[in-house]
Protein chains: 2
Amino acid sequence: MEILTLEQAAKLLAEKNNILVLMHKSPDGDAIGSAYGLCKALQSLGKNAVPLCGDEIPRDYSYITESFSFQEFEPEFIVSVDLASTSLLSGKAAEYAEKIDLCIDHHGSNTGYASFGFVDGKSASCAEIIKDILELMKVKFTREIANAVFTGICTDTGCFKYSSVTPRTHRIAADLIEYGAESGMICRLMFDSKSRSRLAMEKMVLDTLKYDADGAIAFVCLTLDIMQRSGALPGDTEGVASIPRQIEGVKIGVTLKEKENGECRFSVRTSDDIDASEICKKFGGGGHHAAAGCSIYGEIAEAKEKMLAACREALEEKI
Amino acid sequence: MEILTLEQAAKLLAEKNNILVLMHKSPDGDAIGSAYGLCKALQSLGKNAVPLCGDEIPRDYSYITESFSFQEFEPEFIVSVDLASTSLLSGKAAEYAEKIDLCIDHHGSNTGYASFGFVDGKSASCAEIIKDILELMKVKFTREIANAVFTGICTDTGCFKYSSVTPRTHRIAADLIEYGAESGMICRLMFDSKSRSRLAMEKMVLDTLKYDADGAIAFVCLTLDIMQRSGALPGDTEGVASIPRQIEGVKIGVTLKEKENGECRFSVRTSDDIDASEICKKFGGGGHHAAAGCSIYGEIAEAKEKMLAACREALEEKI
């Protein structure tokens, strides 16, 4: 992957048309906000541009998706946003895995799968990079573009809560609110409202809470049975991963999500001195220092034991 | 009260020495951050300055209070921060109610009790005003001053979540992080950590959740029995009142806290079109449009029924 400067990435985008923007599977606010924000902006410059995700976009994001005009065209330039690795593409998006022209990402662990790339591991969200690129492209930010980009920033920072937040994060948020981003509405929707089924699901997940390593590890399990009994939708599970790490004294919070094909998908959240991505790398996964993920295939009990062993090891290395 | 410009307020403070800064009872992050931040800054300018609160400062704020050097002096200039009315002073602070020289506040409802005042109802927190005043006074922001002021901003905005947040809020936060404010640590402590007992209490409270009026009313009950079984401390119950209103479709969220003397204390949270303070006024209580409280004495079941009847009435008036 040829590494570009931000200016070069903006220039490349400005030269292209018929642009397809790929999102990772189980898309989160940063993937959705970055992809839709970028596409809306590119459209505002007179280009054809559409986002593509193999999975469904959760209905919580309808304020972003509803106003989007999908266009029919033959893709000529393939962009990925917030995508650390092409293994995170699913469905139709995965068909483009080998054909990505430009990668815009904020994962330090980005595997360099594209022809060209701009990767800034210090950016708290991919959406911050999108904001800067759009400024370079002289995009006139509409409320819709600002809302999409703001969504990426606030969701990937836990509403400006994580240590990844920099002065730049806040200054970009300030600009976006000035451009019309409805920050109060977005933050309320993303962080302060829950469906009944999500609430029921969270309660059931809390019933599975177990401590390990004298309370330094907290573990919860989101089984298919819980999903079914609570009536929770896939989008409802975002945020569950942050539950165990919130508990006082917990250094590693682990969430196991049971998937249908015998996959146990783990989300690992750590406090500052423990590297979550190191833990997940042992199982072929990755992510950030404080938040990472991986999958282990097999029985839940076994997968859990493997993960706990890796977590205990990470803890011991720090003692 | 003579209304000052920000420049005049800064000039007045710069001229004075032996300054006492008053906080309201049950001090929150904005009162504590504003008062300690201001005093630390005044001390850095070579002045004597101490904060005073009638109530104890919660231990969560020890990262602000621990490093503070209390000085002994005869107060010559009395300042209040984040204080809408002198009725909110308690204990020793209340003794200065009639002697306040300068009021710095962001409550539009400020009663104008001081000789001089700067009140900006559009500021999301009082701490934002403190930041601007300190800049005018050419204070060199240390990490400690920045931490205190940042705390005021993030706590009074629900971590940048409320609609009161403006571009200025984010830009001030950005400056403070540049000055050394440990935003990740502070936000984690204020918004992302729960004691085990608090988590247990919240789970038990959720077990009491009942819907009424086709899901437009959600009701939870925090009984003495739950407090005892969970081991939760009084400080742990802050935030419980916001649980029922978070649920999708809920227009009125009601939390009943059982008190020892047969008092049922209600917290009512409403969505935009319903006035919580009107509901609570019926029982001798009051508060804001979206958040109010009152007490009903008697059996829980009866008190609950009375409150629900008032809530249904408020809903019907809106149909």
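Residues numbered from 1 in each chain as written. Chains lettered and ligands numbered in written order. Predicted model: local features only at pLDDT ≥ 70, side-chain atom pairs only at ≥ 80, totals over all residues. Heavy atoms only, no water.

### Structural notes on the sheet that holds strand β6 (residues 116-119) of chain A
Two orientations exist for strands paired in a sheet by backbone hydrogen bonds: parallel and antiparallel.
All names here are of chain A.
Then, number 1: Taking strand neighbours across the sheet as the criterion, the 6 strands line up as β1-β6-β5-β4-β2-β3 in an open arrangement whose pairing is parallel. The two strands at the open ends of the sheet, each matched to only one other strand, are β1 (2-3) and β3 (49-52).
Then, number 2: Looking at chain direction, β1 and β6 are connected through 2 bridges and run parallel. Opposite Ile-3, over in β6, you have Gly-117 as the bridge partner.
Then, number 3: Taken strand by strand, helix α1 (residues 6-15) contacts β1, β2 (19-22), β4 (77-81), β5 (102-105) and β6, and its axis lies near 130° from that of β5. (Pairing = 2+ DSSP bridges. Helix = DSSP H or I, 4+ residues; strand = E, 2+ residues; numbered from the N terminus. Contact = heavy atoms within 4.5 Å. Axes fitted to C-alpha atoms, helices over the stretch in contact; angles between N-to-C directions.)

### Let's talk about the relation of the copies chain A and chain B
Then, number 1: Expressed as a screw transformation, the operator carrying chain A onto chain B has a rotation angle of 180° and an axial translation of 0.4 Å, and the superposed copies differ by an RMSD of 2.7 Å. Taken together, the turn and the small shift mark the pair as related by a two-fold rotation axis.
Then, number 2: Both copies present the same face, since 92% of the interface residues in chain A are matched by interface residues at the equivalent positions in chain B. (Least-squares fit on C-alpha atoms with pLDDT ≥ 70 in both.)

### Points about the pairing of strand β5 (residues 102-105) of chain B
All names here are of chain B.
Then, number 1: The alternating pattern of β5 places Leu-102 and Ile-104 on one face and Cys-103 and Asp-105 on the opposite face, and all of these are buried.
Then, number 2: Pairing of strand β4 (residues 77-81) with β5, which is carried by 3 bridges, proceeds in the parallel orientation. Opposite Val-81, over in β5, you have Ile-104 as the bridge partner.
Then, number 3: Note: β5 against strand β6 (residues 116-119), 4 bridges, orientation parallel. Within the sheet, the bridge partner assigned to Leu-102 lies in β6 and is Phe-116. (Buried < 20%, exposed > 50% of the residue type's maximum accessible area, 1.4 Å probe, protein only.)

### Considerations on the sheet that holds strand β2 (residues 19-22) of chain B
All names here are of chain B.
Then, number 1: Spatially, the 6 strands line up as an open sheet ordered β1-β6-β5-β4-β2-β3, and their pairing is parallel. Each edge of the sheet is formed by a strand with only one pairing partner; in this case those strands are β1 (2-3) and β3 (49-52).
Then, number 2: Pairing analysis gives 4 bridges linking β2 to β3, with the strands arranged parallel. Bridging from a neighbouring strand, Val-21 pairs with Pro-51 of β3.

### Some remarks on the pairing of strand β10 (residues 263-270) of chain A
Residues and elements named next belong to chain A.
Then, number 1: For β10, the tally of buried residues reaches 6 of 8 residues, placing the bulk of the element in the interior.
Then, number 2: Note that strand β9 (residues 252-258) and β10 share 7 bridges and pair antiparallel. Within the sheet, the bridge partner assigned to Gly-253 lies in β10 and is Arg-269.
Then, number 3: With antiparallel pairing between neighbouring strands as the criterion, β9 and β10 make up a hairpin whose turn holds 4 residues, including Gly-262 at a positive phi of roughly 80°.
Then, number 4: Examined bridge by bridge, β10 and strand β12 (residues 291-297) share 7 bridges and lie antiparallel to one another. Across the sheet, residue Arg-265 finds its bridge partner in β12, namely Ser-295.

### Comments concerning the interface of chain A and chain B
Size of an interface, as often reported, equals the accessible area lost when the parts are brought together.
Then, number 1: The interface of chain A with chain B comprises 38 residues on the first partner and 36 residues on the second.
Then, number 2: Buried surface at the junction of chain A and chain B, both sides included, amounts to about 3600 Å², of which 54% is carbon and sulfur.
Then, number 3: Considering only the side of chain A, the residues that lose the most area to chain B are A:Lys161, A:Arg196 and A:Gln246, jointly responsible for 18% of the buried surface there.
Then, number 4: Between chain A and chain B we count 8 salt bridges in total.
Then, number 5: Put simply, chain A and chain B have 14 residue pairs in polar contact (both at pLDDT 80 or more) between them.
Then, number 6: Where the side of chain A that touches chain B is concerned, the elements lending two or more residues are α7 (167-178), α8 (183-191) and α9 (196-207) of chain A. (Buried area = accessible area lost by both parts, 1.4 Å probe. Salt bridge = Lys/Arg side-chain N within 4 Å of Asp/Glu carboxyl O. Polar contact = N/O pair within 3.5 Å; in protein donor to acceptor, adjacent residues only side chain to side chain.)

### Description of unusual backbone geometry
Then, number 1: Positive phi outside glycine occurs at A:Lys138, with the angle close to 60°.
Then, number 2: The class of A:Lys138 is exposed, set by a relative accessible area of 72%.

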